[in-house]
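# Structural description and commentary
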Amino acid sequence: MTRLAGRRALVTGANGGLGSAIAIGLARAGAAVAVHSRRAAAGDVVRDAIRANGGVAETVTGDVTSAADVAEMMRQTVSGIGGLDILVNNAGIISTTPFLELEEEEWRRVIDTNLTGYFLVGQAAARIMVAEGRGSIVNVSSTRQVQAWPGSLPYASSKGGIAMLTRSMALELAPLGVRVNSIAPGTFVTELNRHYLTDPDFRDKRIATIPAGRYGDLDEVAEAVVYLASDDASFVIGASLSIDGGQTIW
Ligand SMILES: NC(=O)c1ccc[n+]([C@@H]2O[C@H](COP(=O)([O-])OP(=O)(O)OC[C@H]3O[C@@H](n4cnc5c(N)ncnc54)[C@H](OP(=O)(O)O)[C@@H]3O)[C@@H](O)[C@H]2O)c1
């Protein structure tokens, strides 16, 4: 597939889970990919997998909560893959502490990573894209942007924030040639949640809430991101695409 031939994409948190599937999917569609990981060796594994399939990839590093790291990440991206046309804001963390037991530090850590991180990386990437007059940004949100769950308060708050971050960015950047959208994945087994999603009791209860009757496949997320990043979605702006097997229909 060559839908993204000639495009240059940065995917944050791309050393595993949704991020690596998205990075590999974008490369399969023809994009050169900057594989971001805060641990270079972990990013190199995904970079090498892309290269082994004939794709173009470089590893870039940094903590998304640090403006200095983000500036350096952009420098590495532009020098590594020659520019930036596509950003996938994906790096994130989860928290499962019930509201009444939540400490301020945990609240701040989740908001800093999931929301401030998307702002810092999104703004730095958008500045590069606006200078070129074109670009596409996909923010990875979650069903939790609209659907609460016990113990998900900071996570759900961060994802609800991403919903409006996406729409606000989309509004200001559309006239400048940059489209901003989000995806809202449902339930996918990754390092973020493996410890509870694979518990048989939890699994049965969760799957009972998913009309498709199963967890998602990571490639199903990657395909949606390729679509939003590509010119096939040229009139799609400020949208949130659910990829959740119907989990948010209820
Ligand atoms: N899995 C699901 O069912 C699901 C559903 C909806 C939405 N999502 C969203 O999908 C995204 C990816 O999650 P995942 O499930 O693929 O989890 P994951 O495998 O744990 O991946 C998270 C990635 O974010 C990176 N990261 C975390 N904090 C960072 C920081 N401060 N600076 C730089 N990188 C950081 C992690 O790096 P390290 O490996 O170094 O920790 C890792 O690469 C998240 O935004 C999550 O909210 C996931």
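Before reading on, note that the structure itself is shown above.
Residues numbered from 1 in each chain as written. Predicted model: local features only at pLDDT ≥ 70, side-chain atom pairs only at ≥ 80, totals over all residues. Heavy atoms only, no water.

## What to know about the sheet that holds strand 1 (residues 8-11)
An order of 3-2-1-4-5-6-7 is seen for the 7 strands of this open sheet, with the pairing classed as parallel. Strands at the two margins of the open sheet, each flanked by one partner only, are strand 3 (57-60) and strand 7 (240-243). For this sheet the average axis-to-axis angle between neighbouring strands, irrespective of direction, equals 20°. Strands strand 4 (86-89), strand 5 (135-140) and strand 6 (178-185) of the sheet are contacted by helix 4 (residues 104-132), whose axis makes an angle of about 175° with strand 4. (Pairing = 2+ DSSP bridges. Helix = DSSP H or I, 4+ residues; strand = E, 2+ residues; numbered from the N terminus. Axes fitted to C-alpha atoms, helices over the stretch in contact; angles between N-to-C directions. Contact = heavy atoms within 4.5 Å.)

## Some details on helix 8 (residues 218-229)
Here helix 8 contains 12 residues, and its C-alpha end-to-end distance of 17 Å stays within 8% of the 16 Å for a straight helix at 1.5 Å per residue. Three or more residues of helix 8 are buried, namely Val221, Ala222, Ala224, Val225, Val226, Leu228 and Ala229. Capping of helix 8 at its N-terminal end is provided by Asp217; its side-chain oxygen lies 3.0 Å from the backbone amide nitrogen of Asp219. (Expected span 1.5 Å × (residues − 1). Buried < 20%, exposed > 50% of the residue type's maximum accessible area, 1.4 Å probe, protein only. Polar contact = N/O pair within 3.5 Å; in protein donor to acceptor, adjacent residues only side chain to side chain.)

## Focus: the pattern of salt bridges
Under the defined criterion, the tally for this structure stands at 14 salt bridges. In this structure, Arg47 engages Asp48 in a salt bridge whose closest nitrogen and oxygen atoms are separated by 2.9 Å. Residue Asp48 is classed as partly exposed on the basis of its relative accessible area of 37%. Where Arg108 meets Glu104, a salt bridge forms, and the shortest distance between an N and an O atom there is 2.7 Å. Highlighted residues: Arg108 and Glu104, both in helix 4, separated by 4 residues, approximately one helical turn. Given the relative accessible area of 53%, Glu104 is considered exposed. The structure contains a network of salt bridges with shared partners spanning Arg3, Glu223 and Asp232. (Salt bridge = Lys/Arg side-chain N within 4 Å of Asp/Glu carboxyl O.)

## Here we look at a nonpolar patch on the surface
Among the surface-exposed residues, Phe99, Leu100, Trp107 and Leu153 lie close enough to one another that they form a single nonpolar patch of about 450 Å² accessible area. Examined against the element boundaries, Leu100 turns out to sit in the loop between strand 4 and helix 4. By relative accessible area, which is 81% here, Leu100 ends up exposed. (Patch = residues over 30% accessible without salt bridge, like charges linked within 9 Å, V, L, I, M, F, W, Y side chains within 5 Å. Areas by Shrake-Rupley, 256 points an atom, 1.4 Å probe, with all protein chains shown as cover.)

## Here we look at the layout of surface pockets
If you roll a probe as big as a water molecule over the atoms, it shows you where there is empty space left. Computed from the structure, the largest pocket encloses a volume of approximately 1,000 Å³. Considering the residues around the largest pocket, the lining is formed by 49 residues, among which Asn90, Gly92, Ile93, Thr190 and Leu192 are closest to the centre. Secondary structure elements with two or more residues in the lining of the largest pocket: helix 1 (17-28), helix 4, helix 5 (153-173), helix 6 (194-197) and helix 7 (200-207). With 5 residues, helix 4 is the single largest residue contributor to the lining of the largest pocket. Looking at the lining of the largest pocket residue by residue, the classes come out as 16 nonpolar, 24 polar and 9 charged. As a volume, the second largest pocket reaches approximately 180 Å³. If you trace the second largest pocket, you find it lined by Phe119, Gly122, Gln123, Ala126, Arg127, Val130, Met169, Glu172 and Leu173. Looking at the lining of the second largest pocket, the elements with two or more residues in it are helix 4 and helix 5. Among the elements that take part in the lining of the second largest pocket, helix 4 stands out by supplying 6 residues, more than any other. (1 Å grid on protein atoms, 1.4 Å probe; cavity = no way out; pocket = protein on both sides within 12 Å on 5 of 7 lines; lining within 4 Å. Points joined across faces, edges and corners; volume = space filled by probe spheres on them. Nonpolar A, V, L, I, M, F, W, Y, C, P; charged D, E, K, R; others polar.)

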